[in-house]
Amino acid sequence: FDKIINLKIEDISFKLFIRKNNIQGHSVYCPMSENKNIYEISIITCLKSIIKKREKIIFADLGSFVGYYAIYLAKLFKDKNKVYAFESNEDYCDDISKSMQINNLKNIKIFKEILSDKIEEQIYYREFSVNKDVFEKEEFKLDKYYHDLKRFGKVKKSKTLDSLLENEATKPNILKVDVHGAEGKIFGGANSLLKNNIEAILLELHTESFIKKFSEGYNRSEIVKNLINNNFSCYLISPFRELDNTGQDEVYLKNFKKLKWKEISTLNLDDLLFGRDKDLFILCLKDNIDINSLDCF
């Protein structure tokens, strides 16, 4: 059923609209309201530390889903700073719009777009989209997402992040990226933005199997190397998922246990990724942000 969920992260209260049958949305955000948990507390903690160090933040939420980050940041900024929300699912975009109305927010711009490294036809359903040519390959027909995409999927042409933001007067300098394996293609279409505008990226790097499906032609190592080549210092952050929905969140915030980091270089990249076949939190910082200056570490 449709539900408005009341959330609070420290002193910032906000509401999210979750539509009926959005099982993932209900399962993730209802426990936050009921048990005072904070979803992705590691990313939230890093994000707050970065914000303290910057005078002007323009935030972009890539893979916005129902707008958890976009709504939270807009409330944190008191609706004064521009926030961009990118989401391919039109229903979820409508949900973000409803949450904006509920929270009386006006400074979030929603992009109902599939992001890629070029214009191409993609088939999308819910939070997943795949290149049409990949979808038609015999090996993809064995994939667990194939039948849902075939039955419910819609065809839409993708766009690049650079092209969508080219004419925006204010461009983002902080990215949160959670795009279910499409991160390779998305960064491939954002070279100008990465070079000239972005100062920090909070990246959920997905497994090789997800990247192979949803970022054909890319892999984990190439994605991180691309960011390093764009003059980002990249760090593997821990713990990540281990803190989610465990009931530790309020204790964590009160006692402020420090997060740990390990710098990633082209020399140790393969060794650091080896055996870590799970979603990872990678923090990427330009030279003007020193990781040792962030109070979450």
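Everything discussed here concerns the structure shown above.
Residues numbered from 1 in each chain as written. Predicted model: local features only at pLDDT ≥ 70, side-chain atom pairs only at ≥ 80, totals over all residues. Heavy atoms only, no water.

> Explain the environment of Ser-233 to me, please; I cannot follow it from the model alone.
By the element assignment, Ser-233 lies in strand E11 (residues 233–238). Residues Ser-233 and Asp-290 lie 57 residues apart in sequence; the distance between their C-alpha atoms is 9.3 Å. (Helix = DSSP H or I, 4+ residues; strand = E, 2+ residues; numbered from the N terminus.)

> I tried to follow the sheet that holds strand E8 (residues 154–157) on my own but got confused; where do I start?
A sheet is described by the order of its strands in space; here three strands give the open sequence E7-E6-E8, paired in antiparallel fashion. The open sheet has two edge strands with one neighbour each: strand E7 (128–131) and E8. Taken over all neighbouring pairs, the strand axes of this sheet differ in orientation by 35° on average, direction set aside. Note that strand E6 (residues 121–125) and E7 share four bridges and pair antiparallel. (Pairing = 2+ DSSP bridges. Axes fitted to C-alpha atoms, helices over the stretch in contact; angles between N-to-C directions.)

> How should the pattern of salt bridges be read in this particular structure?
Where charged atoms of side chains with opposite charge meet at close range, the side chains can pair. In total, this model carries 13 salt bridges according to the counting rule given. Of the charged contacts in the structure, one is a salt bridge between Asp-61 and Lys-176, with a shortest N-O distance of 2.6 Å. Here Asp-61 is found in strand E3 (residues 59–62), whereas its partner Lys-176 is found in strand E9 (residues 174–177), with 115 residues between them in sequence. Of the charged contacts, one joins Asp-117 and Lys-185 as a salt bridge, the two residues approaching to 3.4 Å between their closest N and O atoms. Here Asp-117 is found in the loop between strand E5 (108–111) and E6, whereas its partner Lys-185 is found in helix H8 (residues 183–188), with 68 residues between them in sequence. Its relative accessible area of 6% is what places Lys-185 among the buried residues. Each of the salt bridges in this network shares a partner with another, and the network as a whole consists of Asp-117, Lys-118, Glu-120 and Lys-185. (Salt bridge = Lys/Arg side-chain N within 4 Å of Asp/Glu carboxyl O. Buried < 20%, exposed > 50% of the residue type's maximum accessible area, 1.4 Å probe, protein only.)

> Which parts of the structure should I look at to understand the environment of Ile-114?
On the secondary structure map, Ile-114 appears in the loop between E5 and E6. Between the C-alpha atom of Ile-114 and that of Gly-63, which follows or precedes it by 51 residues, the distance is 9.5 Å. Once residues within four sequence positions are removed from consideration, Ile-114 is found in contact with Ser-88, Gln-122, Tyr-124, Ser-129, Lys-156, Ser-158 and Lys-159. (Contact = heavy atoms within 4.5 Å.)

> What is the right way to read the pairing of E9 from this model?
Looking along a regular strand, one sees side chains alternate from face to face of the sheet. Side chains of E9 alternate between two faces, with Ile-174 and Lys-176 and Leu-175 and Val-177 buried alike. Of the pairings in the sheet, the one linking E9 to strand E10 (residues 200–205) comprises four bridges and is parallel in character. Within the sheet, the bridge partner assigned to Lys-176 lies in E10 and is Leu-202.

> It is not clear to me how helix H4 (residues 90–102) should be interpreted in this structure. Could you clarify?
Owing to its 3.6 residues per turn, the α-helix brings residues three or four apart onto one side. Under the 1.5 Å per step criterion, the end-to-end length of H4 is 19 Å for 13 residues, consistent within 8% with the ideal 18 Å. Tyr-92, Cys-93, Asp-95, Ile-96, Ser-99 and Met-100 are the residues of H4 that are buried. Burial along H4 is one-sided: seen end-on, the buried residues are contained in an arc of 155°. Capping of H4 at its N-terminal end is provided by Asn-89; its side-chain oxygen lies 2.8 Å from the backbone amide nitrogen of Asp-91. Once H4 finishes, Asn-104 follows within two positions and takes phi at roughly 60°, a positive value. (Expected span 1.5 Å × (residues − 1). Arc of directions from axis to C-beta. Polar contact = N/O pair within 3.5 Å; in protein donor to acceptor, adjacent residues only side chain to side chain.)

> Explain the nonpolar core to me, please; I cannot follow it from the model alone.
Side chains that are nonpolar tend, in soluble globular proteins, to be buried together. The biggest cluster of nonpolar side chains holds 54 residues, and the ones touching the most others in it are Tyr-29, Tyr-68 and Leu-283. Residues Ala-60, Val-177, Ile-186 and Leu-273 belong to the second largest nonpolar core, which totals 38 residues. (Core = buried A, V, L, I, M, F, W, Y, C linked by side-chain atoms within 4.5 Å.)

> Looking at this model, I keep getting lost on the layout of surface pockets. Mind explaining?
The probe, sized like a water molecule, is rolled over the atoms to show the empty space still left. Approximately 320 Å³ is the volume found for the second largest pocket. For the second largest pocket, the lining is made up of 14 residues, of which Asn-89, Asp-91, Tyr-92, Tyr-125 and Arg-126 are closest to its centre. Of all the secondary structure elements, the ones that give two or more residues to the lining of the second largest pocket are H4 and E6. Considering each element in turn, the lining of the second largest pocket owes the most residues, three residues, to H4. When the residues that make up the lining of the second largest pocket are grouped by side-chain class, the tally is five nonpolar, three polar and six charged. (1 Å grid on protein atoms, 1.4 Å probe; cavity = no way out; pocket = protein on both sides within 12 Å on 5 of 7 lines; lining within 4 Å. Points joined across faces, edges and corners; volume = space filled by probe spheres on them. Nonpolar A, V, L, I, M, F, W, Y, C, P; charged D, E, K, R; others polar.)

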